[in-house]
Amino acid sequence: MIDLHYAPTPNGWKISIMLEELGLPYRVIPVDIRAGEQFRPEFLAISPNNRIPAIVDHEPAGGGEPFSLFETGAILIYLAEKTGRFLPQDMRSRSRVIQWVMWQMGGLGPMLGQHGHFALYAVEKIPYAIQRYRDEAARLYGVLDRQLGNTGAYVAGADYSIADIACFPWTMTHKAQGFTLDDYPNVKRWYAAVRARPKVQAGLAIGKFVKEPFDEEARKNMFGERAKQLVNKQ
Ligand SMILES: N[C@@H](CCC(=O)N[C@@H](CS)C(=O)NCC(=O)O)C(=O)O
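Residues numbered from 1 in each chain as written. Predicted model: local features only at pLDDT ≥ 70, side-chain atom pairs only at ≥ 80, totals over all residues.

A.B. asks: Please provide a residue-by-residue account of the overall build of the protein, values included.
C.D. replies: Within the protein one finds 10 helices and four strands. Each helix and strand of the protein, ordered N terminal to C terminal, gives the series β-α-β-α-β-β-α-α-α-α-α-α-α-α. Considering only residue pairs separated by 6 or more positions, the protein has 65% of its internal contacts joining residues 24 or more positions apart. (Helix = DSSP H or I, 4+ residues; strand = E, 2+ residues; numbered from the N terminus. Contact = placed C-beta atoms within 7 Å.)

A.B. asks: Break down the packing of helix H3 (residues 72-83) against helix H6 (residues 162-171) for me, citing the residues and quoting the values.
C.D. replies: It is at 10 Å that the axes of H3 and H6 come closest, and there the two elements cross at 145 degrees. The two elements H3 and H6 cross, and the hand of that crossing is right-handed. Residues Thr 72, Gly 73, Leu 76, Ile 77 and Ala 80 of H3 touch H6, and the partners they reach there are Ile 162, Ile 165 and Ala 166. Broken down by class, the residue content of the contact of H3 with H6 amounts to six nonpolar, two polar and no charged. (Axes fitted to C-alpha atoms, helices over the stretch in contact; angles between N-to-C directions. Left-handed = near helix turned anticlockwise from the far one by under 90°. Nonpolar A, V, L, I, M, F, W, Y, C, P; charged D, E, K, R; others polar.)

A.B. asks: Give a detailed account of the domain arrangement of the protein, specifying residues and quantitative values.
C.D. replies: You can read the domains of the protein as domain 1 (2-85 + 202-228) and domain 2 (91-196). Of all the secondary structure elements, the ones that give two or more residues to the side of domain 1 that touches domain 2 are helix H1 (10-22) and H3. The class makeup of the residues in the side of domain 1 that touches domain 2 is seven nonpolar, two polar and two charged. (Domains from an automatic or database assignment.)

A.B. asks: Help me get a handle on helix H4 (residues 91-121), residues and values and all.
C.D. replies: Taking 1.5 Å per residue, 31 residues should reach 45 Å; H4 reaches 42 Å between its end C-alpha atoms and fits that length. Inspection of H4 places Val 97, Trp 100, Val 101, Trp 103, Gln 104, Leu 108, Gly 109, Met 111, Leu 112, His 115 and Phe 118 among the buried residues, and these make up the whole buried set. Those residues of H4 that are buried lie in contact with H3, helix H5 (127-151) and H6. (Expected span 1.5 Å × (residues − 1). Buried ≥ 20, exposed ≤ 12 C-beta atoms within 10 Å, placed from the backbone.)

A.B. asks: An account of the site of the ligand is requested, with residue identities and associated values reported.
C.D. replies: Around the ligand sit Thr 9, Pro 10, Asn 11, Ile 33, Gln 38, Asn 50, Arg 51, Ile 52, Glu 71, Thr 72, Met 105 and Met 222, and those are all the residues in its vicinity. Considered class by class, the residues forming the shell around the ligand number five nonpolar, five polar and two charged. (Near = placed C-beta within 6 Å.)

A.B. asks: Which residues make up H3, and what values do they have?
C.D. replies: The terminal C-alpha atoms of H3, which comprises 12 residues, lie 16 Å apart, in line with the 16 Å expected from a rise of 1.5 Å per residue. Taken together, the buried positions of H3 are occupied by Thr 72, Ile 75, Leu 76, Ile 77, Leu 79 and Ala 80. If you follow the buried residues of H3, they end up packed against H1, strand E3 (54-57), strand E4 (67-70), H4 and H6. Gly 84, located one to two residues past H3, shows a positive phi value of around 70 degrees.

A.B. asks: I'd love a proper account of the sheet that holds E4, names of residues and values included.
C.D. replies: Pairing is mixed in the open sheet, where four strands are placed in the order E2-E1-E3-E4. Strands at the two margins of the open sheet, each flanked by one partner only, are strand E2 (26-30) and E4. This sheet shows a mean twist of 20 degrees between the axes of neighbouring strands, independent of strand direction. Alignment of strand E1 (residues 2-6) against E2, held across five bridges, turns out to be parallel. Paired with Asp 3 across the strands is Arg 27, a residue of E2. Relative to the sheet, H1 contacts E1, E2 and E3, its axis offset from that of E1 by approximately 155 degrees. (Pairing = 2+ DSSP bridges.)

A.B. asks: Let's hear about the environment of Asp 164: which residues, and what values?
C.D. replies: Residue position: Asp 164 is located in helix H6. Asp 164 sits in the buried class, given 26 other C-beta atoms within 10 Å. In sequence terms Asp 164 and Val 97 are 67 residues apart; their C-alpha atoms lie 9.0 Å from each other. With residues near it in sequence (within four places) discarded, Asp 164 still touches Tyr 154, Val 155 and Val 194.

A.B. asks: Break down the pairing of E3 for me, citing the residues and quoting the values.
C.D. replies: In this sheet, E3 lies alongside E1 in antiparallel orientation, the contact comprising four bridges. Looking at the pairing, His 5 lines up with Ala 54 of E3. As paired strands, E3 and E4 are joined by four bridges and run antiparallel to one another. From the neighbouring strand, Ile 55 faces E4, where its bridge partner is Leu 69.

A.B. asks: Any chance you could break down the packing of H4 against H5 for me, citing the residues and the numbers?
C.D. replies: Interaxial distance between H4 and H5 falls to 8 Å at its minimum, and their mutual angle equals 145 degrees. Of the two elements, H4 crosses H5, and the hand of that crossing is left-handed. Taken together, the residues of H5 that come into contact with H4 (itself represented by Gly 107, Leu 108, Met 111, Leu 112, Gln 114, His 115, Phe 118 and Ala 119) are Ala 129, Ile 130, Tyr 133, Arg 134, Glu 136, Ala 137 and Leu 140. The residue makeup of the contact of H4 with H5, split by class, is 10 nonpolar, three polar and two charged.

Written out as structure tokens, the structure is:
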């Protein structure tokens, strides 16, 4: 059994989709990040970065004590290696998949995240910041579009992989962030194909229950005020 410490967000969906795709038994432990539950000591013990998602595998690969992990890239690679799925064995294909997972982790996710923050959530609208992240987001959609044009199929090649599972939930934010996939026809084709997968649908349906209004308390919990209390606390 795997515990999935989770909220229904793009990073949370990566892992709920992966677990659904794999058909592994798991139970969802909701972490209401708007209410500040990511700062609970028992959650910080497994996710010291105070971010969801995290997993605890009670039957870890290799046996032994329950094994916990945070960071979605690491979790996707662990689950793929544990099951032998969605990450090819041969060195070149495997490295290509990991390359695009890293691209998502270091680029697409953070840049779309910052664009969402400054354009949608920030009370003070700072034109430079909005433009900077909008340009970066547009550039990254362009990179993804060209890559999908080259493969003609999935992000890292002919086969569906953890690179697709990593990228897809972030592209779901396109409408809210004011992008249209008509500008990125290869992304549009891929997006429809991934979205149509029943296990993707199942992963996205997990945990709709923890959504709350985005109020002042949520702002404090998610935009740094609360995290400051952790500084120098051992
Ligand atoms: N790089 C991390 C990012 C995780 C992350 O940013 N999670 C967000 C939700 S999508 C979160 O937990 N936010 C809580 C907060 O900001 O306090 C990963 O891929 O796991």
